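# Summary of the model geometry
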Amino acid sequence: LEEADDNSFLLCGQKNANYMLTTNVSKQASEFYIVQLTKAAKNPHAGKTLLNLYTNGYVNATTYDAILKYNETSSDYYIAVTDKYDKANSYNDTAVNTSILNAGGSMSNELAMDIINGEGPDIFLNTSELGQLNNDRYLVDLTPYFSDLSIDKYFTNVVEASRFDGKLYQMPICFSVEGIVTDQKYAGSSGIGFTFEEYKEFVSGPMNGKDVLGTGQVQYFTGLFNGMNDKFIKDGKIDFTCDDFRELAKYVNDIVPDKVVTNDNADIDEFRTTYFGSFYGMMDYFSALAKQNGDVTLLGKPSSDGRGPMAIAYTSVAISADAADVNACVEFINILLSDEIQEELALSEHFVLNRSSFRDYGMLAVECFNGPYG
(Lines give C-alpha, C1' and ligand atoms only; values in the text may rest on other atoms or scores of the structure.)
Protein backbone atom coordinates (compact mmCIF):
# COMPACT_ATOMS: atom_id res chain seq x y z
CA LEU A 1 0.00 0.00 0.00
CA GLU A 2 1.39 3.43 -0.85
CA GLU A 3 0.34 7.07 -0.91
CA ALA A 4 2.29 9.91 -2.46
CA ASP A 5 2.38 13.66 -2.93
CA ASP A 6 4.97 15.96 -4.49
CA ASN A 7 7.45 15.61 -1.63
CA SER A 8 6.92 12.24 0.02
CA PHE A 9 5.83 8.61 -0.17
CA LEU A 10 3.98 6.80 2.58
CA LEU A 11 4.66 3.06 2.41
CA CYS A 12 2.88 0.40 4.44
CA GLY A 13 4.13 -3.16 4.33
CA GLN A 14 4.91 -6.43 6.06
CA LYS A 15 8.19 -8.22 6.67
CA ASN A 16 7.63 -11.96 6.78
CA ALA A 17 9.26 -13.81 9.66
CA ASN A 18 11.84 -16.54 9.14
CA TYR A 19 9.60 -19.36 10.33
CA MET A 20 12.06 -22.17 9.80
CA LEU A 21 15.01 -21.08 11.92
CA THR A 22 13.70 -20.05 15.31
CA THR A 23 13.02 -21.80 18.59
CA ASN A 24 11.31 -18.68 19.93
CA VAL A 25 7.62 -18.50 18.98
CA SER A 26 7.62 -14.70 19.33
CA LYS A 27 10.06 -14.48 16.44
CA GLN A 28 7.58 -16.26 14.19
CA ALA A 29 5.32 -13.21 14.09
CA SER A 30 5.54 -11.02 11.01
CA GLU A 31 6.45 -7.37 11.46
CA PHE A 32 4.40 -4.53 10.00
CA TYR A 33 5.85 -1.17 9.02
CA ILE A 34 4.71 2.31 8.06
CA VAL A 35 7.55 4.26 6.46
CA GLN A 36 7.52 7.80 5.15
CA LEU A 37 10.11 8.69 2.51
CA THR A 38 10.64 12.42 2.19
CA LYS A 39 12.31 14.14 -0.74
CA ALA A 40 15.83 15.27 0.17
CA ALA A 41 16.93 18.83 -0.38
CA LYS A 42 19.88 17.51 -2.37
CA ASN A 43 20.52 14.18 -4.10
CA PRO A 44 23.23 12.52 -1.95
CA HIS A 45 24.41 10.51 -4.97
CA ALA A 46 24.75 13.42 -7.37
CA GLY A 47 27.99 13.33 -9.32
CA LYS A 48 28.59 9.60 -8.86
CA THR A 49 29.41 7.35 -11.83
CA LEU A 50 26.46 5.11 -12.67
CA LEU A 51 26.97 1.34 -12.72
CA ASN A 52 24.08 -0.51 -14.36
CA LEU A 53 23.26 -3.91 -12.89
CA TYR A 54 21.17 -6.56 -14.64
CA THR A 55 19.44 -9.28 -12.63
CA ASN A 56 18.39 -12.55 -14.23
CA GLY A 57 15.45 -14.07 -12.39
CA TYR A 58 14.87 -14.12 -8.65
CA VAL A 59 17.07 -11.96 -6.41
CA ASN A 60 16.83 -12.34 -2.64
CA ALA A 61 16.27 -9.36 -0.36
CA THR A 62 19.75 -9.57 1.19
CA THR A 63 21.37 -9.04 -2.20
CA TYR A 64 19.34 -5.87 -2.60
CA ASP A 65 20.52 -4.87 0.88
CA ALA A 66 24.09 -5.27 -0.43
CA ILE A 67 23.29 -2.91 -3.32
CA LEU A 68 21.96 -0.33 -0.85
CA LYS A 69 25.05 -0.72 1.31
CA TYR A 70 27.30 -0.22 -1.71
CA ASN A 71 25.46 2.94 -2.73
CA GLU A 72 25.60 4.33 0.80
CA THR A 73 29.32 3.66 1.29
CA SER A 74 30.77 4.39 -2.14
CA SER A 75 31.72 8.02 -2.65
CA ASP A 76 32.23 7.69 -6.42
CA TYR A 77 29.83 5.06 -7.78
CA TYR A 78 26.11 4.25 -7.70
CA ILE A 79 24.53 0.92 -8.72
CA ALA A 80 21.19 1.14 -10.55
CA VAL A 81 19.18 -1.99 -11.40
CA THR A 82 17.98 -2.20 -15.00
CA ASP A 83 15.02 -4.25 -16.26
CA LYS A 84 15.85 -3.74 -19.93
CA TYR A 85 16.37 -7.44 -20.62
CA ASP A 86 13.43 -8.86 -18.69
CA LYS A 87 11.43 -11.24 -20.86
CA ALA A 88 7.76 -11.78 -20.06
CA ASN A 89 6.98 -15.35 -21.09
CA SER A 90 3.97 -17.57 -20.70
CA TYR A 91 4.48 -21.32 -20.71
CA ASN A 92 2.30 -24.36 -21.01
CA ASP A 93 3.09 -27.66 -19.36
CA THR A 94 4.42 -29.35 -22.49
CA ALA A 95 6.56 -26.46 -23.76
CA VAL A 96 7.91 -24.99 -20.52
CA ASN A 97 11.52 -26.18 -20.93
CA THR A 98 11.69 -25.10 -24.57
CA SER A 99 10.24 -21.71 -23.68
CA ILE A 100 12.79 -21.16 -20.92
CA LEU A 101 15.69 -22.18 -23.17
CA ASN A 102 14.51 -19.91 -25.98
CA ALA A 103 14.01 -16.98 -23.61
CA GLY A 104 17.47 -17.50 -22.14
CA GLY A 105 19.04 -17.69 -25.59
CA SER A 106 17.29 -14.52 -26.76
CA MET A 107 18.29 -12.70 -23.58
CA SER A 108 21.97 -13.72 -23.80
CA ASN A 109 22.10 -12.71 -27.48
CA GLU A 110 20.73 -9.25 -26.65
CA LEU A 111 23.13 -8.87 -23.73
CA ALA A 112 26.08 -9.93 -25.87
CA MET A 113 25.24 -7.46 -28.64
CA ASP A 114 24.86 -4.58 -26.17
CA ILE A 115 28.21 -5.41 -24.58
CA ILE A 116 29.88 -5.43 -28.01
CA ASN A 117 28.35 -2.04 -28.75
CA GLY A 118 29.43 -0.64 -25.37
CA GLU A 119 25.82 -0.32 -24.19
CA GLY A 120 25.49 -3.30 -21.86
CA PRO A 121 25.23 -3.43 -18.05
CA ASP A 122 28.34 -3.18 -15.91
CA ILE A 123 27.35 -5.94 -13.47
CA PHE A 124 25.37 -9.16 -14.03
CA LEU A 125 23.52 -11.05 -11.30
CA ASN A 126 22.58 -14.72 -11.74
CA THR A 127 23.73 -15.17 -15.34
CA SER A 128 25.83 -18.28 -14.71
CA GLU A 129 23.48 -20.33 -16.92
CA LEU A 130 23.83 -17.94 -19.89
CA GLY A 131 26.86 -19.77 -21.21
CA GLN A 132 27.20 -17.62 -24.32
CA LEU A 133 28.46 -14.76 -22.14
CA ASN A 134 31.32 -16.77 -20.65
CA ASN A 135 34.24 -15.51 -22.73
CA ASP A 136 36.76 -12.67 -22.66
CA ARG A 137 34.83 -10.59 -25.20
CA TYR A 138 31.90 -10.17 -22.85
CA LEU A 139 32.99 -10.77 -19.26
CA VAL A 140 36.00 -10.15 -17.03
CA ASP A 141 37.99 -13.13 -15.78
CA LEU A 142 37.76 -12.57 -12.01
CA THR A 143 40.67 -14.87 -11.17
CA PRO A 144 43.22 -12.08 -10.48
CA TYR A 145 40.79 -10.34 -8.13
CA PHE A 146 39.96 -13.40 -6.01
CA SER A 147 43.10 -15.51 -6.24
CA ASP A 148 43.68 -15.12 -2.49
CA LEU A 149 40.34 -16.53 -1.26
CA SER A 150 41.17 -18.61 1.80
CA ILE A 151 40.17 -22.26 1.73
CA ASP A 152 39.78 -21.98 5.53
CA LYS A 153 37.19 -19.22 5.19
CA TYR A 154 35.34 -20.08 1.97
CA PHE A 155 34.21 -23.18 0.08
CA THR A 156 36.76 -22.57 -2.65
CA ASN A 157 35.80 -25.87 -4.32
CA VAL A 158 32.48 -24.23 -5.27
CA VAL A 159 34.43 -21.33 -6.78
CA GLU A 160 36.63 -23.75 -8.72
CA ALA A 161 33.55 -25.62 -9.96
CA SER A 162 32.21 -22.32 -11.32
CA ARG A 163 35.12 -21.89 -13.70
CA PHE A 164 34.54 -22.11 -17.43
CA ASP A 165 37.56 -23.33 -19.38
CA GLY A 166 39.76 -22.43 -16.43
CA LYS A 167 38.45 -18.87 -16.08
CA LEU A 168 36.19 -17.40 -13.42
CA TYR A 169 33.59 -15.34 -15.27
CA GLN A 170 30.85 -15.84 -12.66
CA MET A 171 31.62 -15.53 -8.94
CA PRO A 172 29.27 -17.75 -6.89
CA ILE A 173 27.65 -16.11 -3.87
CA CYS A 174 25.01 -18.72 -2.91
CA PHE A 175 24.89 -22.26 -4.25
CA SER A 176 22.66 -25.28 -4.41
CA VAL A 177 23.66 -28.93 -4.63
CA GLU A 178 21.74 -31.39 -6.78
CA GLY A 179 21.92 -35.13 -7.14
CA ILE A 180 20.30 -38.46 -6.38
CA VAL A 181 19.09 -38.79 -2.79
CA THR A 182 19.39 -42.38 -1.62
CA ASP A 183 21.16 -44.76 0.76
CA GLN A 184 24.98 -44.66 0.70
CA LYS A 185 25.10 -48.42 0.10
CA TYR A 186 23.90 -47.87 -3.48
CA ALA A 187 26.81 -45.64 -4.50
CA GLY A 188 29.04 -46.82 -7.31
CA SER A 189 32.74 -47.63 -6.99
CA SER A 190 33.65 -43.95 -6.69
CA GLY A 191 31.53 -43.69 -3.52
CA ILE A 192 30.01 -40.39 -4.70
CA GLY A 193 28.17 -41.24 -7.92
CA PHE A 194 27.63 -43.79 -10.68
CA THR A 195 29.25 -44.73 -13.94
CA PHE A 196 26.73 -45.34 -16.72
CA GLU A 197 26.92 -49.11 -16.23
CA GLU A 198 26.59 -48.80 -12.44
CA TYR A 199 23.54 -46.58 -12.78
CA LYS A 200 21.98 -49.00 -15.24
CA GLU A 201 22.37 -51.76 -12.61
CA PHE A 202 21.01 -49.46 -9.87
CA VAL A 203 17.84 -48.76 -11.88
CA SER A 204 17.26 -52.36 -12.90
CA GLY A 205 18.07 -53.73 -9.42
CA PRO A 206 17.13 -51.76 -6.26
CA MET A 207 14.88 -49.39 -8.21
CA ASN A 208 13.01 -52.20 -9.96
CA GLY A 209 13.23 -50.39 -13.31
CA LYS A 210 12.27 -46.91 -12.04
CA ASP A 211 14.71 -44.20 -13.14
CA VAL A 212 14.50 -41.25 -10.72
CA LEU A 213 15.85 -38.91 -13.41
CA GLY A 214 12.58 -39.74 -15.18
CA THR A 215 12.71 -37.56 -18.31
CA GLY A 216 12.66 -38.12 -22.05
CA GLN A 217 15.84 -38.42 -24.09
CA VAL A 218 16.36 -34.73 -24.92
CA GLN A 219 16.13 -33.42 -21.37
CA TYR A 220 17.94 -36.47 -19.98
CA PHE A 221 20.85 -36.01 -22.40
CA THR A 222 21.05 -32.27 -21.69
CA GLY A 223 21.23 -32.85 -17.93
CA LEU A 224 24.03 -35.41 -18.19
CA PHE A 225 25.84 -33.34 -20.83
CA ASN A 226 25.91 -30.28 -18.56
CA GLY A 227 27.19 -32.40 -15.69
CA MET A 228 30.30 -33.58 -17.54
CA ASN A 229 30.84 -31.12 -20.40
CA ASP A 230 34.38 -30.45 -19.18
CA LYS A 231 35.21 -33.79 -20.79
CA PHE A 232 34.51 -32.56 -24.32
CA ILE A 233 34.74 -28.75 -24.16
CA LYS A 234 38.34 -27.66 -23.67
CA ASP A 235 40.22 -24.45 -24.51
CA GLY A 236 37.05 -23.05 -26.06
CA LYS A 237 36.76 -25.96 -28.49
CA ILE A 238 34.24 -28.77 -28.65
CA ASP A 239 35.34 -32.35 -29.28
CA PHE A 240 32.51 -34.83 -29.78
CA THR A 241 34.86 -37.55 -31.04
CA CYS A 242 36.13 -38.46 -27.56
CA ASP A 243 35.18 -41.68 -25.77
CA ASP A 244 33.36 -39.83 -22.97
CA PHE A 245 30.89 -38.26 -25.37
CA ARG A 246 30.37 -41.52 -27.25
CA GLU A 247 29.63 -43.29 -23.98
CA LEU A 248 27.12 -40.61 -22.95
CA ALA A 249 25.35 -40.63 -26.32
CA LYS A 250 25.20 -44.42 -26.47
CA TYR A 251 23.81 -44.71 -22.93
CA VAL A 252 20.99 -42.21 -23.53
CA ASN A 253 20.19 -43.68 -26.95
CA ASP A 254 20.12 -47.29 -25.74
CA ILE A 255 18.64 -46.95 -22.25
CA VAL A 256 16.50 -43.82 -22.01
CA PRO A 257 13.02 -43.82 -23.61
CA ASP A 258 12.26 -41.11 -26.15
CA LYS A 259 9.32 -39.95 -24.02
CA VAL A 260 8.45 -40.48 -20.37
CA VAL A 261 5.86 -43.11 -19.51
CA THR A 262 4.38 -42.46 -16.06
CA ASN A 263 3.13 -45.18 -13.74
CA ASP A 264 0.83 -43.81 -11.05
CA ASN A 265 0.53 -47.25 -9.46
CA ALA A 266 4.20 -47.56 -8.50
CA ASP A 267 4.52 -48.92 -4.96
CA ILE A 268 8.20 -49.46 -4.30
CA ASP A 269 9.68 -48.58 -0.91
CA GLU A 270 13.07 -47.66 -2.35
CA PHE A 271 11.45 -45.46 -4.99
CA ARG A 272 9.56 -43.42 -2.42
CA THR A 273 12.77 -42.61 -0.53
CA THR A 274 15.11 -42.34 -3.53
CA TYR A 275 14.69 -39.33 -5.76
CA PHE A 276 16.53 -36.64 -7.69
CA GLY A 277 16.65 -33.52 -5.56
CA SER A 278 18.06 -30.01 -5.31
CA PHE A 279 19.22 -28.63 -1.97
CA TYR A 280 19.14 -24.83 -1.57
CA GLY A 281 19.23 -24.68 2.22
CA MET A 282 19.10 -26.66 5.44
CA MET A 283 15.33 -27.16 5.22
CA ASP A 284 15.79 -29.17 2.02
CA TYR A 285 18.48 -31.27 3.67
CA PHE A 286 16.49 -32.01 6.82
CA SER A 287 13.46 -32.96 4.71
CA ALA A 288 15.63 -35.54 2.97
CA LEU A 289 16.88 -36.82 6.34
CA ALA A 290 13.29 -37.28 7.48
CA LYS A 291 12.34 -39.28 4.39
CA GLN A 292 15.36 -41.57 4.85
CA ASN A 293 15.12 -41.79 8.65
CA GLY A 294 18.49 -40.11 8.93
CA ASP A 295 20.41 -42.44 6.60
CA VAL A 296 20.86 -40.34 3.49
CA THR A 297 23.53 -39.41 0.99
CA LEU A 298 23.56 -37.31 -2.16
CA LEU A 299 25.10 -38.96 -5.21
CA GLY A 300 25.97 -37.59 -8.64
CA LYS A 301 24.06 -38.30 -11.83
CA PRO A 302 25.52 -41.03 -14.04
CA SER A 303 28.72 -40.04 -15.83
CA SER A 304 31.71 -41.63 -17.49
CA ASP A 305 33.82 -41.28 -14.33
CA GLY A 306 31.24 -41.66 -11.54
CA ARG A 307 31.54 -38.05 -10.38
CA GLY A 308 29.63 -36.65 -7.43
CA PRO A 309 26.70 -34.25 -7.02
CA MET A 310 26.77 -30.91 -8.80
CA ALA A 311 27.12 -27.51 -7.15
CA ILE A 312 25.19 -24.75 -8.95
CA ALA A 313 25.77 -21.04 -8.38
CA TYR A 314 22.16 -19.86 -8.36
CA THR A 315 23.31 -16.49 -6.99
CA SER A 316 26.35 -15.27 -8.92
CA VAL A 317 27.99 -12.05 -10.05
CA ALA A 318 29.77 -11.26 -13.31
CA ILE A 319 31.39 -8.06 -14.58
CA SER A 320 31.21 -6.75 -18.13
CA ALA A 321 34.45 -6.55 -20.07
CA ASP A 322 33.29 -3.03 -20.97
CA ALA A 323 32.41 -1.97 -17.40
CA ALA A 324 32.93 1.68 -16.45
CA ASP A 325 35.31 0.61 -13.67
CA VAL A 326 36.10 -3.06 -13.04
CA ASN A 327 37.59 -2.39 -9.60
CA ALA A 328 34.45 -0.56 -8.50
CA CYS A 329 32.36 -3.53 -9.62
CA VAL A 330 34.67 -5.96 -7.81
CA GLU A 331 34.06 -4.00 -4.62
CA PHE A 332 30.36 -4.91 -4.89
CA ILE A 333 31.32 -8.60 -5.05
CA ASN A 334 33.47 -8.10 -1.94
CA ILE A 335 30.41 -6.74 -0.11
CA LEU A 336 28.40 -9.83 -1.11
CA LEU A 337 31.22 -12.03 0.22
CA SER A 338 31.56 -10.07 3.45
CA ASP A 339 30.82 -11.74 6.78
CA GLU A 340 27.76 -9.56 7.34
CA ILE A 341 26.04 -10.31 4.03
CA GLN A 342 27.02 -13.99 4.00
CA GLU A 343 25.52 -14.41 7.47
CA GLU A 344 22.29 -12.72 6.42
CA LEU A 345 22.07 -14.90 3.32
CA ALA A 346 22.64 -18.05 5.37
CA LEU A 347 19.93 -17.15 7.88
CA SER A 348 17.56 -16.58 4.95
CA GLU A 349 17.83 -20.28 4.03
CA HIS A 350 20.68 -20.17 1.52
CA PHE A 351 23.87 -22.22 1.25
CA VAL A 352 26.73 -19.69 1.26
CA LEU A 353 30.46 -19.69 0.51
CA ASN A 354 31.51 -18.51 3.97
CA ARG A 355 32.28 -21.61 6.04
CA SER A 356 31.65 -19.97 9.41
CA SER A 357 28.27 -18.58 8.34
CA PHE A 358 27.37 -21.94 6.83
CA ARG A 359 28.25 -23.78 10.05
CA ASP A 360 26.52 -21.31 12.37
CA TYR A 361 23.41 -21.54 10.20
CA GLY A 362 23.59 -25.34 10.31
CA MET A 363 23.86 -25.42 14.10
CA LEU A 364 20.90 -23.06 14.39
CA ALA A 365 18.91 -25.28 12.04
CA VAL A 366 19.72 -28.36 14.15
CA GLU A 367 18.51 -26.55 17.27
CA CYS A 368 15.35 -25.41 15.50
CA PHE A 369 14.37 -28.73 13.93
CA ASN A 370 15.06 -30.63 17.15
CA GLY A 371 12.88 -28.18 19.07
CA PRO A 372 9.11 -27.89 19.60
CA TYR A 373 8.58 -26.03 16.32
CA GLY A 374 10.81 -28.24 14.16
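We now turn to the structure provided with this report. (Residues numbered from 1 in each chain as written. Predicted model: local features only at pLDDT ≥ 70, side-chain atom pairs only at ≥ 80, totals over all residues. Heavy atoms only, no water.)

### Thoughts on helix H4 (residues 196–204)
- Inspection of H4 places Phe196, Tyr199, Phe202 and Val203 among the buried residues, and these make up the whole buried set. Buried residues of H4, viewed axially, fall in a sector of 120°; they line one side.
- Tucked into the core, H4 has its buried residues touching strand E7 (171–182), helix H5 (217–227) and helix H6 (243–255). (Buried < 20%, exposed > 50% of the residue type's maximum accessible area, 1.4 Å probe, protein only. Helix = DSSP H or I, 4+ residues; strand = E, 2+ residues; numbered from the N terminus. Arc of directions from axis to C-beta. Contact = heavy atoms within 4.5 Å.)

### As for the side chain of Thr62
- Here Thr62 is to be found in helix H1 (residues 61–73).
- The contacts of Thr62, once residues within four sequence positions are left out, are Ile341, Glu344, Leu345 and Ser348.

### A few points about the packing of H4 against H6
- Orientation of H4 relative to H6, taken along the N-to-C sense of each, is 20°, at an axis distance of 11 Å. Accordingly, the angle class assigned to the pair H4 and H6 is roughly parallel. Between H4 and H6 lies a crossing whose hand is right-handed. Contact residues: H4 offers Phe196, Tyr199 and Lys200, while H6 offers Glu247, Leu248, Tyr251 and Ile255. (Axes fitted to C-alpha atoms, helices over the stretch in contact; angles between N-to-C directions. Parallel < 35°, antiparallel > 145°, perpendicular 65-115°, else oblique. Left-handed = near helix turned anticlockwise from the far one by under 90°.)

### Some points on the environment of Val296
- You can see Val296 is positioned in the loop between helix H8 (282–291) and strand E11 (297–299).
- Among all residues touching Val296, those that are not within four sequence positions of it are Val181, Thr182, Tyr285, Ala288 and Leu289.

### A short note on the packing of aromatic side chains
- Per the stated rule, a full pass over the model turns up 23 aromatic pairs.
- Judged by centre distance (5.6 Å) and plane angle (55°), the rings of Tyr186 and Phe202 are tilted. Of this pair, Tyr186 sits in the loop between E7 and H4 while Phe202 is found in helix H4, placing the two residues 16 residues apart along the sequence. There is no split in this pair, since Tyr186 and Phe202 are both buried. (Phe/Tyr/Trp six-rings, centres within 6.5 Å; stacked < 30°, edge-to-face > 60°.)

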